[in-house]
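Structural overview for review
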Amino acid sequence: MQDLQTDDYEMVGHVKWFDPGKGFGFIVAQDGGPDILLHANVLRNFGQSSVADGTEIEVRVIRTDRGLQASEVLHIQQSERSPASALADFADFDPAAVASAPAEPARVKWFDKVKGFGFANVFGSDADVFVHIEVLRLSGLADLLPGEAIAVRVIDGKRGLMAAEVLPWEIALSQG
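My aim in this report is to walk through the structure given alongside it, one point at a time. Nothing here was measured: the structure is a model prediction, and the numbers come from that model. Residue positions within a chain follow its written sequence, with the count starting from 1. Local features in this predicted model are restricted to residues whose pLDDT is 70 or higher, and side-chain atom pairs enter the listing and the counts only when it is 80 or higher, whereas totals over whole chains, interfaces and linings include all residues. Remark: hydrogens and water are excluded; side-chain values derive from all non-hydrogen atoms of the structure.

1. Things to note about the side chain of Arg153
Counted only if it meets this: Only DSSP runs of H or I covering at least 4 residues are called helices, and only runs of E covering at least 2 are called strands; the numbering of each starts at the N terminus. Each residue's exposure class comes from its accessible area (1.4 Å probe, protein chains only) as a fraction of the maximum for that residue type: buried when under 20%, exposed when over 50%, partly exposed otherwise. Here a polar contact is recorded for every N or O atom pair within 3.5 Å, except that within protein the pair must consist of a potential hydrogen donor and a potential acceptor, and residues adjacent in sequence are included only if both atoms are side-chain atoms.
Secondary-structure assignment places Arg153 in strand S9 (residues 149-157). Arg153 sits in the buried class, given a relative accessible area of 13%. At 2.5 Å, the side chain of Arg153 and the backbone oxygen of Ala101 are in polar contact.

This is how it looks when you write it as structure tokens:
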């Protein structure tokens, strides 16, 4: 268990819940202890606007007058499952081929969490890329905001271009 008397430390845990509308959520440390506040601004500094409940996360934690708070996101673990295990549309694709597709910078056109899908556009292209909520969950995300910059691994599916993975936009920049 982490020494809770330390004012600043790194820890691994999982997202208990995160609500992008409220702008915050909580993390539970792997070793137990009190909940740790995760503010939307800290998540945005990492390059994401949301994170899915249950996602493994590594953060720097500080002690404040109001309790423990994440001050920096160091790593968000993406799901080990492939999209093929969650979506029939991905069943015919080789997971290694999907993983080797380039992460391209894109902007969210719109996304409706209730409907379970939305669209993004890769920079320099007018073509819509379908984004399914299960792909978001597998990528450790819970929601996308219109205009949000992201990176996507795109495949040409039965119904057109589809995001096979959604990543922080900085990933695409580092490949360029």
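Right, picking up where we left off after that structure.
2. Here we look at the packing of aromatic side chains
For clarity, the cut-off: Any two rings among Phe, Tyr and Trp, with Trp reduced to its six-membered ring, count as a pair given centres within 6.5 Å; such a pair is stacked if its planes are under 30 degrees apart, edge-to-face if over 60, and tilted if neither.
Scanning the entire structure with this criterion turns up eight aromatic pairs. Ring plane angle 70° and centroid distance 5.7 Å describe the contact between Phe119 and Phe130, whose orientation is recorded as edge-to-face. Here Phe130 lies in strand S8 (residues 128-132) and Phe119 lies in strand S7 (residues 117-122), a separation of eleven residues in the sequence. Overall, Phe119 belongs to the partly exposed group, its relative accessible area being 21%. You can call Phe130 buried: its relative accessible area is 19%.

3. Some remarks on the nonpolar core
Defined as follows: Here, nonpolar core means buried Ala, Val, Leu, Ile, Met, Phe, Trp, Tyr and Cys residues that are tied together by side-chain atoms lying within 4.5 Å of each other. Working rule for contacts: check all heavy atoms of both residues, and any pair within 4.5 Å makes them a contact.
Counting 19 residues, the largest nonpolar core has Met11, Ile27, Ile36, Leu38, Ile57, Val59 and Val73 as its most contacted members. Of all the elements in the fold, those that place two or more residues in this core are strand S1 (8-19), strand S2 (24-29), strand S3 (36-39), helix H1 (40-46), strand S4 (56-64) and strand S5 (67-76). In this structure, Leu38 is in contact with Phe18, Gly23, Phe24, Gly25, Phe26, Ile27, Val51, Ile57, Ala70 and Val73, ignoring residues within four places of it in sequence. In terms of nonpolar packing, the next biggest core, distinct from the first, is built from 17 residues, Phe111, Val129, Val135 and Val166 among them.

4. Focus: the pairing of S2
Under the convention used in this document: A pair of strands counts as paired when DSSP detects no fewer than two bridges linking them.
Relative to S2, S1 is paired through six bridges, and the arrangement is antiparallel. Pairing of Gly13 across the sheet is with Ala29, part of S2. Following S1, the chain reverses through four residues before pairing antiparallel with S2; Gly23 in that reversal takes a positive phi of roughly 85°. Summarising the sheet, S2 and S3 pair through four bridges and their orientation is antiparallel. For Phe26, the partnering residue across the bridge sits in S3 and is Leu37.

5. Focus on the pattern of salt bridges
Oppositely charged side chains can form a pair if their charged atoms are brought close together. Which entries qualify depends on this criterion: For this document, the term salt bridge refers to a Lys or Arg side-chain nitrogen within 4 Å of an Asp or Glu carboxyl oxygen.
Taken as a whole and judged by the stated rule, the model has seven salt bridges. Glu134 is the salt-bridge partner of Arg137, the closest N and O atoms lying 2.7 Å from each other. One end of the pair, Arg137, and the other, Glu134, are both in helix H3 (residues 133-138), three residues apart, so they sit about a helical turn from each other. Of the residues examined, Arg137 reaches a relative accessible area of 42% and is grouped as partly exposed. For Glu165, the salt bridge goes to Arg153, with nearest N and O atoms at 2.6 Å. You can see Glu165 sitting in strand S10 (residues 160-168) and its partner Arg153 sitting in strand S9, a full twelve residues away along the chain. Pair check on accessibility: Glu165 and Arg153 agree, each one buried. Members of the salt-bridge network, linked through shared partners, are Asp8, Glu10, Arg60 and Glu72.

None of the figures reported here should be taken as evidence of function without further support.
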